[in-house]
Amino acid sequence: MNDSRNVTVIGLQWGDEGKGKIVDALARRSRYVARYCGGANAGHSVNVAGERFALHLIPCGILHEGVCNVVGNGVVFDPACALDEVHHLRERGVKVSGANLRVSKAAHLVMPWHKREDILREGRMGDGKIGTTARGIGPCYADKAHRSTALRVGDMLDLAVLRERITAVAAFKNAAFAALYGADPLDPAAIADEYVGYAEELREMIGDTGSLLRRAIAQGEPILFEGGQGSMLDIDHGTYPFVTSSFVTACGVAPGTGVPPSAVGRVVGVIKAYATRVGAGPFPTEQANETGHYLRERGREYGTTTGRPRRCGWFDAFAVRYAADLSGVHEFALSLLDVLSGLDEIRVCTGYRVGGQVLEDFDPVVMAAAEPVYETLPGWAEEIGSARSYADLPANAQRYVARIEELLGRSVGTIGVGPDREQLIAHNTQLEGLR
Ligand code: GDP
Ligand code: IMO
Ligand code: MG
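**Student:** Just to check I follow, could you spell out the site of ligand 2 for this structure?
**Tutor:** The environment of ligand 2 is formed by 21 residues, the closest being K19, H44, T133, Q229 and T244. Within the backbone of D16, an N or O atom sits 2.8 Å from an oxygen atom of ligand 2. T244 has a polar side-chain atom sitting 2.6 Å from an oxygen atom of ligand 2. A total of 550 Å² of accessible area belongs to ligand 2 in isolation, and the protein chains cover 97% of it.

Here is the structure:
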């Protein structure tokens, strides 16, 4: 078995680290690009020749010819959203068919009642609101765990069975929503018609993607696993309960695609040069002030999926080191370094103080009560968007990168200096596709 050429790209903060751009850069040397977690809550942007693509469910490898894109079983698949994306891509000249897009028949289907429940629940939660993307993610994964009220992509292969299942589950959901929220009933027949339509269009793309990927591994064909969200949003290892509902670290690759853990390959942890978070939950280094505003405007920090302004703050090296350890990260892809230009000073969080004590070990649970310990580094005035090598960066920008490597104990492989494909500096990377 030769899976040493595989790469897994994951986010190490709260999502939106710039994974899409790195996946795009690596997709060229991959035969497969596979998503393994989350669903349409993700929004991965790729800029190609001045054109911007925002992908939610379809892997970013779709923009490369000869790459087979896989939506793994660990993804919750919203067919309405996926087809919308497929149509938009085709309108822009990107070929999408069963030849370059394969959807796992074991992936769970996001249904209209999941999106409805997401909104109804959040509306009831008051201060406990998570600030979800309203894409039905949590309710769909909850049904996956419940089993008896779940539908999977494979259920779309038999239209009679699909109708039957939708009718039965819709009746159950209508009763539950009426009792819990006093909500009006959904129309089961209309939902069945809608999903039969999706099934007809998607049929050629549905299959057993686990065996497809395992065969690729046996034949030594390189696979790129595209993470969604960020490690601090992981259902188990993130800032619970303010997290998403899936296994988003590199540890989620195996269960989310049906490959052995050894297939994960080289792990690239994408980190933003500062920090952002969308939705509720602890964020010790948040700057709800001028600095936060500066970062938001320069970094265009508004959600790719929901358009919500992202909360912004300083880089949290203590949290990122934990996330890197969790996934066995080999190297970092440092993104959005250009956003920091123009700041006199840049702060980096190196640890937390809780109740006056500096913590030894990171624990996401203490984040809400943590006071960050900062180190201050000098900033730089120059714009760096046209830098193409490390030597082109101002001395203080180099100093910032070097300090991050020291604090995190691993190399920064690449440095992002702008959203475009070309705005990527190869630094200490071991990956051929990035050099
Ligand atoms: P993802 O969810 O991790 O793929 O990240 P998003 O696409 O949601 O958000 C990252 C944003 O930053 C997108 O608008 C990217 O086009 C942009 N981006 C990525 N890398 C860089 C960079 O190095 N500099 C700048 N200025 N923007 C970047
Ligand atoms: P990408 O892949 C940023 C956040 C939501 C919310 C929490 C739970 O683009 O990095 P959910 O809808 O998943 O139940 O919401 O998780 N969230 C993300 N934040 N980027 C993402 O994906 C996210 N996916 C979910 O904002 O706080
Ligand atoms: Mg995003």
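From this point on, the discussion continues.
**Student:** How should the pattern of salt bridges be read in this particular structure?
**Tutor:** When their charged atoms lie close together, side chains carrying opposite charge are able to pair. The tally for this structure, following the rule as stated, stands at 18 salt bridges. D325 serves as the salt-bridge partner of R410, at 2.8 Å between the closest nitrogen and oxygen. Highlighted residues: R410 in the loop between α11 (395-408) and β19 (411-416) and D325 in helix α10 (residues 317-327), separated in sequence by 85 residues. The partly exposed category is assigned to D325, whose relative accessible area is 47%. One continuous salt-bridge network, built from bridges that share partners, spans D16, K272, E301 and R310.

**Student:** Please clarify how the site of ligand 1 should be interpreted in this entry.
**Tutor:** The full set close to ligand 1 counts 19 residues, and G18, K19, G43, S45 and D338 are the nearest of them. In this structure, G20 approaches ligand 1 through a main-chain N or O atom, which is 2.9 Å from an oxygen atom. Between ligand 1 and G43, the relevant distance is 2.8 Å, taken from an oxygen atom to a main-chain nitrogen or oxygen of the residue. When residues in the shell around ligand 1 are grouped by element, the largest group, three residues, is from helix α1 (residues 19-27). Taken together, the residues of the shell around ligand 1 break down into three nonpolar, nine polar and seven charged.

**Student:** Sorry if this is basic, but what is going on with the coordination of the magnesium ion (ligand 3) here?
**Tutor:** Reference values for angles at a metal are 109.5 degrees in the four-donor tetrahedral case and 90 or 180 degrees in the six-donor octahedral case. Around the magnesium ion (ligand 3), the protein supplies D16 (OD) and G43 (O) as donor atoms, at distances of 2.1 to 2.2 Å. One end of the pair, D16, is in the loop between β1 (7-11) and α1; the other, G43, is in the loop between β2 (32-35) and β3 (44-48), and 27 residues separate them in sequence. The partly exposed category is assigned to D16, whose relative accessible area is 23%.

**Student:** Help me out: how do you make sense of the pairing of strand β15 (residues 331-335) in this one?
**Tutor:** Consecutive side chains along a regular strand alternate between the two faces of the sheet. In terms of burial, β15 is a largely internal element, five of the five residues being buried. Across five bridges, strand β11 (residues 266-272) lies against β15 in parallel orientation. Bridging across to β15, K272 finds its partner in S335. By the bridge criterion, four bridges tie β15 to β19 in an arrangement that is parallel.

**Student:** Help me out: how do you make sense of the packing of aromatic side chains in this one?
**Tutor:** On inspection of all chains with the given rule, the structure shows eight aromatic pairs. Taking 5.4 Å as the distance between ring centres and 75 degrees as the angle between the ring planes, the aromatic pair formed by F318 and F362 counts as edge-to-face. With a gap of 44 residues between them, F318 in helix α10 and F362 in the loop between β17 (357-358) and β18 (371-378) connect regions that are remote in the sequence. Per residue, the accessibility class of F318 equals that of F362, and both read buried. An angle of 55 degrees between the planes, with centres 5.6 Å apart, marks the rings of Y352 and F362 as tilted. Note that Y352 is positioned in strand β16 (residues 345-354) and F362 in the loop between β17 and β18, a separation of ten residues in sequence. Comparing Y352 with F362, the two get one shared label, buried. The side chain of R31 reaches across the aromatic face of Y32, ending 5.1 Å from its centre. For R92, the ring lying beneath its charged end belongs to F53, and the centroid distance is 3.9 Å.

Thresholds, definitions, all that
- Residues numbered from 1 in each chain as written.
- Chains lettered and ligands numbered in written order.
- Predicted model: local features only at pLDDT ≥ 70, side-chain atom pairs only at ≥ 80, totals over all residues.
- Heavy atoms only, no water.
- Near = heavy atom within 4 Å.
- Polar contact = N/O pair within 3.5 Å; in protein donor to acceptor, adjacent residues only side chain to side chain.
- Areas by Shrake-Rupley, 256 points an atom, 1.4 Å probe, with all protein chains shown as cover.
- Salt bridge = Lys/Arg side-chain N within 4 Å of Asp/Glu carboxyl O.
- Helix = DSSP H or I, 4+ residues; strand = E, 2+ residues; numbered from the N terminus.
- Buried < 20%, exposed > 50% of the residue type's maximum accessible area, 1.4 Å probe, protein only.
- Nonpolar A, V, L, I, M, F, W, Y, C, P; charged D, E, K, R; others polar.
- Donors = N, O, S within 2.8 Å, 3.2 Å for Na, K, Ca; no water.
- Pairing = 2+ DSSP bridges.
- Phe/Tyr/Trp six-rings, centres within 6.5 Å; stacked < 30°, edge-to-face > 60°.
- Lys NZ or Arg CZ within 6 Å of the ring centre and 35° of its normal.

Just geometry here; none of it tells us what the structure is for.
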